[in-house]
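# Breakdown of the fold
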Amino acid sequence: MSVRGLRKDPQRGSVVRLVIGISGATGAIYAIRILELLRARGDVETHLVITDMGRATIRLETEYAVQAVEELANHVYSIKDLAAAISSGSFRTEGMIVAPCSVKTLSSVANCLNDNLLTRAADVTLKERRKLVLLVRETPLHAGHCQLMLDASRNGAIIMPPVPAFYTHPKSVLDIVDDTVARVLDIWNLDVATTRWPESRQ
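This one's a predicted model, so the numbers in the text were calculated from it and none came from an experiment. As a convention, each chain's residues are numbered from 1 in the sequence order in which they are written. For a predicted model such as this one, the threshold for reporting local features is a pLDDT of at least 70, and the threshold for listing and counting side-chain atom pairs is 80 or more; totals across whole chains, interfaces and linings nevertheless cover every residue. As a rule here, side-chain values come from all non-hydrogen atoms in the structure, and water together with hydrogens is ignored.

### Digging into the pairing of strand β5 (residues 131–136)
Relative accessible area decides the class of each residue, using a 1.4 Å probe on protein chains only: under 20% of the type maximum gives buried, over 50% gives exposed, and in between gives partly exposed. Under the scheme used here, helices are H or I runs from DSSP no shorter than 4 residues and strands are E runs no shorter than 2 residues, and both carry numbers assigned from the N terminus. Among the 6 residues of β5, 5 are classified as buried, and the element is accordingly described as predominantly covered. Whether two strands pair depends on DSSP finding at least two bridges between them. Alignment of strand β4 (residues 95–101) against β5, held across 5 bridges, turns out to be parallel. When the bridges of β5 are listed, V98 appears paired with L134. With 2 bridges connecting them, β5 and strand β6 (residues 158–159) associate as parallel partners. Paired with L134 across the two strands is I159, which belongs to β6. Look down the strands so they point away from you; if going from the first strand over the helix to the second traces a clockwise path, that crossover is right-handed. Traced from β5 through helix α6 (residues 143–154) to β6, the parallel crossover comes out right-handed.

### With respect to the layout of surface pockets
In this structure, the largest pocket spans a volume of roughly 160 Å³. Definitions used throughout: a 1 Å grid over protein atoms alone; a cavity as a set of points that fits a 1.4 Å probe which cannot get out; a pocket as an open set with protein on both sides within 12 Å along at least five of seven lines; a lining residue as one with an atom within 4 Å of a point. What lines the largest pocket is simply S23, G24, A25, T51, M53, S102, K104, T105, S108, D115, N116 and T119. When residues of the lining of the largest pocket are assigned to their parent elements, the largest contribution, 3 residues, is made by helix α4 (residues 103–110). Grid points are joined across faces, edges and corners, and a volume is the space filled by probe spheres set on the points.

### Regarding the environment of H142
Tracing the sequence through the fold places H142 in the loop between β5 and α6. On the basis of relative accessibility, which here comes to 47%, the residue H142 falls in the partly exposed class. Side-chain atoms alone can form a polar contact between residues adjacent in sequence; in general such a contact is a pair of N or O atoms within 3.5 Å, and within protein one must be able to donate a hydrogen while the other accepts it. A polar contact of 2.9 Å, which involves the side chain of H142, links it to the backbone nitrogen of G144.

Written out as structure tokens, the structure is:
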């Protein structure tokens, strides 16, 4: 299988296929770094969908143009295209990452509200028993937020707020972002260069 120069992972025997969703919460850089690091690996086929507010957040928070972010992915879909491949369970993927995940998107996932392609793709991921990782971005949390995370978790989602780790002695914001991104990709055993907990530390 070859998609835009992708190479097969020799241990897996095939290209890994992941869906990446960007919603309108703060933290678009998480998805951007995921796309950059996966593109550098060369053995992961990425399918990207961005909400309208996700596009606005990219422009507001980062130095990236939306088109430049889209060019990091192998396939890009309109948020309104409910006939896209990733809206069907018969389209095989290894799972999906929503980074960042707004409370609105979390609510749609928790309540199976397939109101756009991102939430439809997330629901498909759950119904097919694939891994769905939600980088929920909100704080402080009220009971409704907590209930939504519990409901989504009960449906099979992995709730992973991007909480920074400091045992890696980060030197920059990018170091903090990359540590979270590496933890996300660990869920699929996709290793990227990062600082880990030293095995020798007691």
